[in-house]
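Per-entry structural report
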Amino acid sequence: MPTFAAPDGTELAYHVVGEGEPLLCLPGGPMRASAYLGDLGGLSKLRRLIMLDLRGTGGSGVPVDPASYRCDRQVVDVEAFRDHLGLERVDVLAHSAAGDLAILHAAQHPRRIRTLTLITARARALGVDFTEEHRREAAALRTAEPWFEAAHDAYERVWAGSATDADRDAISPFFYGRWDTAAQAHAAAEVRQSNDEAADRYASSGAFDPAATRAAIAASDARVLLLAGERDSGPLPRVAADIAELFPRAEVAVQPAAGHFPWLDDPRQFTGTVEAFLARGGPGTP
């Protein structure tokens, strides 16, 4: 697998799948290896997916300084990634917790971003977080599911702060549009693909300055897509719409019956939405 050196010397790995115009992909988790993205539901047939393993995950090296796992400190890795690829302006796709990283990168390097595709993405960098009330609202959509009662009981223990590892596993169905064999296998891989120490540091104190980031984003000319899952709580579709209002040129797409991993729930719908957005071009496009 190809690698490059981050500014602090940490070796970072990335994976290339598909052909066509490049799309830089940042994985969430936080701090989960990019393998969980797969080929994004077949998006690799339309775009060349260049997927970064964040420091300490997947094929990337472990940094000397664990404090460098903090989200804002990884912005230099993303910019070094772009520079390593020799791309003047880039299309960036970020999933889940990587939304914060992509937003911070776009705020600091606005002239390097052509489009930003935020898939069921967080926006703590802009002062928007997902609450227990949001989780409960989305969970209430799933009462007819055969797994609901046991999963909801586990969710209650999570919210109460008394959850075990088994409880955290038990709530997994809420994050998928349908809890089928593919979803179960995808969820089962999370533990071995994740760096828990890095995840704990990712959003630690000092990582975000929402006022400054909002001001920087307000001057951006990049086109932005926020794709939300109809059944997802992070973000709820209405919260995704609130986030979109913070960007000058943003649009929202809500994928029907999708959860937090919409490329698994309906690959054709997902790839069609993302490619239609990307095909309209970057800054300066009407």
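Remember, it's a predicted structure, so these values are computed and weren't measured experimentally.

Considering the overall build of the chain
Within the chain, the regular secondary structure consists of 12 helices and eight strands. Relative to a compact globule of 286 residues, whose C-alpha radius of gyration would be 19 Å, the chain shows 18 Å and is just as compact. Considered along the principal axes of its C-alpha atoms, the chain spans approximately 50 × 45 × 40 Å. Long-range pairs, those at least 24 residues apart, make up 74% of the contacts in the chain between residues at least 6 apart in sequence. Taken as a whole, the chain presents about 12000 Å² of accessible surface, with 50% of it coming from carbon and sulfur. Of note, the chain has its 29 positive side-chain charges centred 4 Å away from the centre of its 40 negative side-chain charges.

Some remarks on the sheet that holds strand β3 (residues 22-26)
The sheet built from eight strands is open, its strands ordered β1-β2-β4-β3-β5-β6-β7-β8 with mixed pairing. In the strand order of this sheet, the two ends are held by β1 (3-5) and β8 (250-255), each with one partner. This sheet shows a mean twist of 25 degrees between the axes of neighbouring strands, independent of strand direction. Pairing geometry for β3 and strand β4 (residues 48-52), over four bridges, is parallel. In the strand pairing of β4, C25 is matched with M51. Running over the sheet, helix α2 (residues 98-108) touches β3, β5 (90-95) and β6 (113-119) and is turned about 160 degrees from β6.

Concerning the environment of P2
Checked against the element boundaries, P2 lands in the segment before β1. Using a relative accessible area of 33% as the deciding quantity, one classes P2 as partly exposed. Along the primary structure P2 and S205 are separated by 203 residues, whereas in three dimensions their C-alpha atoms are 33 Å apart. In this structure P2 touches L12, A13 and Y14, once residues within four positions along its chain are discounted.

Digging into α2
Across the 11 residues that make up α2, a large majority, 10, are buried. Here α2 has its buried residues at A98, G99, D100, L101, A102, I103, L104, H105, A106 and A107. Taken together, the buried residues of α2 touch β3, α1 (75-85), β5, β6, α8 (196-202) and α9 (210-217).

Looking at the pattern of salt bridges
What the rule picks out here adds up to 24 salt bridges. The residue R47 makes a salt bridge to E275 at a minimum N-O spacing of 3.0 Å. In this pair, R47 is assigned in the loop between β3 and β4 and E275 in helix α12 (residues 267-279), connecting sequence segments 228 residues apart. Each member of the pair, R47 as well as E275, is classed as buried.

Some thoughts on the environment of L278
Looking at the element boundaries, L278 is found in helix α12. Judged by relative accessible area, L278 falls into the buried class, the value being 5%. Linking L278 and W159, residues 119 residues apart in sequence, is a C-alpha distance of 38 Å. Here L278 is in contact with L23, R47, D91, T115 and T117, once residues within four sequence places are set aside.

Regarding helix α6 (residues 181-188)
Buried residues of α6: A183, H186 and A187, and no others. Projected down its long axis, α6 carries its buried residues within an arc of 95 degrees, all on one side. Across from the buried face of α6, at angles greater than 90 degrees, the exposed residues are T181 and A188. The elements touched by buried residues of α6 are α7 (190-193) and α11 (262-265).

What counts, and where the lines are drawn
Going along each chain's sequence as written, the residues are numbered from 1 onward. Confidence filtering applies because this is a predicted model: local features only for residues at pLDDT of at least 70, side-chain atom pairs given and counted only at 80 or more, and all residues used for totals across whole chains, interfaces and linings. The side-chain values count all of the structure's non-hydrogen atoms but skip hydrogen atoms and water molecules. Helix and strand assignments come from DSSP, with helices taken as H or I runs of at least 4 residues and strands as E runs of at least 2, each series counted from the N terminus. This radius of gyration counts C-alpha atoms alone. The globule rule is 2.2 Å times how many residues there are, raised to the power 0.38. Residues are treated as being in contact if the distance between any of their heavy atoms lies within 4.5 Å. Residue burial considers only the protein chains on display, and all accessible areas are found by Shrake-Rupley using a 1.4 Å probe. Positive: Lys, Arg. Negative: Asp, Glu. His and the chain ends are not part of the count. By convention, charge coordinates are those of NZ in Lys, CZ in Arg, CG in Asp, or CD in Glu. Only strands that DSSP links by at least two bridges are regarded as paired with each other. Lines fitted to C-alpha atoms define the axes, with helix axes restricted to the stretch in contact, and inter-axis angles between N-to-C directions lie between 0 and 180 degrees. Think of it in three bands: residues with accessible area under 20% of the maximum for their type are buried, residues over 50% are exposed, and the middle band is partly exposed, with areas taken using a 1.4 Å probe on protein chains only. The salt bridge criterion pairs a side-chain nitrogen of Lys or Arg with a carboxyl oxygen of Asp or Glu, the two atoms within 4 Å. In this context, the arc is that of the directions from the helix axis out to the C-beta atoms.

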